[in-house]
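These are the residues of each chain, in order.
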Amino acid sequence: GENVEQHPSTLSVQEGDSAVIKCTYSDSASNYFPWYKQELGKRPQLIIDIRSNVGEKKDQRIAVTLNKTAKHFSLHITETQPEDSAVYFCAASRGQTGGFKTIFGAGTRLFVKA
Amino acid sequence: GAVVSQHPSWVICKSGTSVKIECRSLDFQATTMFWYRQFPKQSLMLMATSNEGSKATYEQGVEKDKFLINHASLTLSTLTVTSAHPEDSSFYICSAEGSGRAKDTQYFGPGTRLTVL
């Protein structure tokens, strides 16, 4: 079945450094790729997303790139801060009858050391 | 942004009882709602997708008779865990997708922590 692989599972960086999380998806019909940040004990929150007709999108310190041919997409966080520490989930989604089919990656636990 | 609420936020019940969890979209009409389970330190596992006024679509391996989903209106979906057992203890999260600014994006509820004794 369809799946989304996410790497690394854990990432530790020094404050101010960049962090990169990568995801690979298998469903070639996927056309929407959101990233969620989940702080401990809280709900996932959408931080950035990209659609299949775009190769890159940036929002302040966060950027996402998409390579449709290779079926992978990445989250880039620059100038990391301690408050960036959280679990990040990627997802690949496609429209289907009755709604969107979304598959989540396993998550990456990001630690930003002050 | 679009707001989704869940009730209750946590519940403890005895084995064999049924528990109902509500998911509401507060400021938009949710054409589609999703129910997830999340085990500690693990990813979200999609259980089912529900559209207003129609039967839910369950993911493979999810017992539809055990996890009853009702999406009676454009702002409310309910998940009922019937005859709950300790292995059903988990964090249940709903999300909703709708029209306008909520289109093509899932907004998550705060989750419900279920503990079955």
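Please refer to the structure placed before this passage.
Residues numbered from 1 in each chain as written. Chains lettered and ligands numbered in written order. Predicted model: local features only at pLDDT ≥ 70, side-chain atom pairs only at ≥ 80, totals over all residues. Heavy atoms only, no water.

## Comments concerning the overall build of chain B
So, point 1. If you tally the helices and strands in chain B, you get 0 helices and 11 strands.
So, point 2. The secondary structure elements of chain B, listed N-terminal to C-terminal, are β-β-β-β-β-β-β-β-β-β-β.
So, point 3. Over its C-alpha trace chain B gives a radius of gyration of 13 Å, about what one expects of a compact globule, namely 13 Å for 117 residues.
So, point 4. The 117 residues of chain B split such that 55% are buried.
So, point 5. By element, 53% of the accessible surface of chain B is carried by carbon and sulfur atoms, the whole surface being about 5600 Å².
So, point 6. Mean positive and mean negative side-chain charge positions of chain B (11 and 10 charges, respectively) differ by 5 Å. (Helix = DSSP H or I, 4+ residues; strand = E, 2+ residues; numbered from the N terminus. Rg over C-alpha atoms; globule rule 2.2 N^0.38 Å. Buried < 20%, exposed > 50% of the residue type's maximum accessible area, 1.4 Å probe, protein only. Areas by Shrake-Rupley, 256 points an atom, 1.4 Å probe, with all protein chains shown as cover. Lys, Arg positive; Asp, Glu negative; His and termini not counted. Charge placed at Lys NZ, Arg CZ, Asp CG, Glu CD.)

## Focus: the interface of chain A and chain B
So, point 1. The interface is formed by 18 residues belonging to chain A together with 22 residues belonging to chain B.
So, point 2. Buried area between chain A and chain B, summed over both chains or domains, comes out near 1600 Å², and the portion from carbon and sulfur atoms is 50%.
So, point 3. Counting the contacts that link chain A with chain B gives 0 salt bridges.
So, point 4. Counting across the chain A and chain B interface gives 4 residue pairs in polar contact (both at pLDDT 80 or more).
So, point 5. Contributions of two or more residues to the side of chain A that touches chain B are made by strand 4 (32-38), strand 5 (45-51) and strand 10 (99-104) of chain A. (Contact = heavy atoms within 4.5 Å. Buried area = accessible area lost by both parts, 1.4 Å probe. Salt bridge = Lys/Arg side-chain N within 4 Å of Asp/Glu carboxyl O. Polar contact = N/O pair within 3.5 Å; in protein donor to acceptor, adjacent residues only side chain to side chain.)

## Some thoughts on the layout of surface pockets
So, point 1. Put simply, the largest pocket is a space of about 480 Å³.
So, point 2. Along its surface, the largest pocket is lined by 24 residues, and Leu40(A), Val87(A), Arg109(A), Lys41(B) and Gln42(B) are the ones closest to its centre.
So, point 3. Counting residues per element, the ones that place at least two in the lining of the largest pocket are strand 9 (86-96) and strand 11 (108-113) of chain A.
So, point 4. A total of 4 residues in the lining of the largest pocket trace back to one element, the largest contributor, which is strand 11 of chain A.
So, point 5. Counted as a void, the second largest pocket has a volume near 270 Å³.
So, point 6. Lining the second largest pocket are 14 residues, with Glu2(A), Lys101(A), Ile103(A), Leu46(B) and Glu59(B) positioned closest to its centre.
So, point 7. Those elements that provide at least two residues to the lining of the second largest pocket are strand 10 of chain A together with strand 5 (44-51) of chain B.
So, point 8. Its residues assigned to classes, the lining of the second largest pocket shows 7 nonpolar, 4 polar and 3 charged. (1 Å grid on protein atoms, 1.4 Å probe; cavity = no way out; pocket = protein on both sides within 12 Å on 5 of 7 lines; lining within 4 Å. Points joined across faces, edges and corners; volume = space filled by probe spheres on them. Nonpolar A, V, L, I, M, F, W, Y, C, P; charged D, E, K, R; others polar.)

## A look at the pattern of salt bridges
So, point 1. Under the counting rule described, the total for this entry stands at 5 salt bridges over all chains.
So, point 2. Between Lys57(A) and Asp49(A) there is a salt bridge, with the nearest N and O atoms lying 2.8 Å from each other.
So, point 3. The exposure class of Lys57(A) is partly exposed, given its relative accessible area of 36%.
So, point 4. Using a relative accessible area of 13% as the deciding quantity, one classes Asp49(A) as buried.
So, point 5. A salt bridge links Arg24(B) to Glu22(B); the nearest nitrogen and oxygen atoms lie 3.4 Å apart.
So, point 6. For Glu22(B), a relative accessible area of 24% puts it in the partly exposed group.

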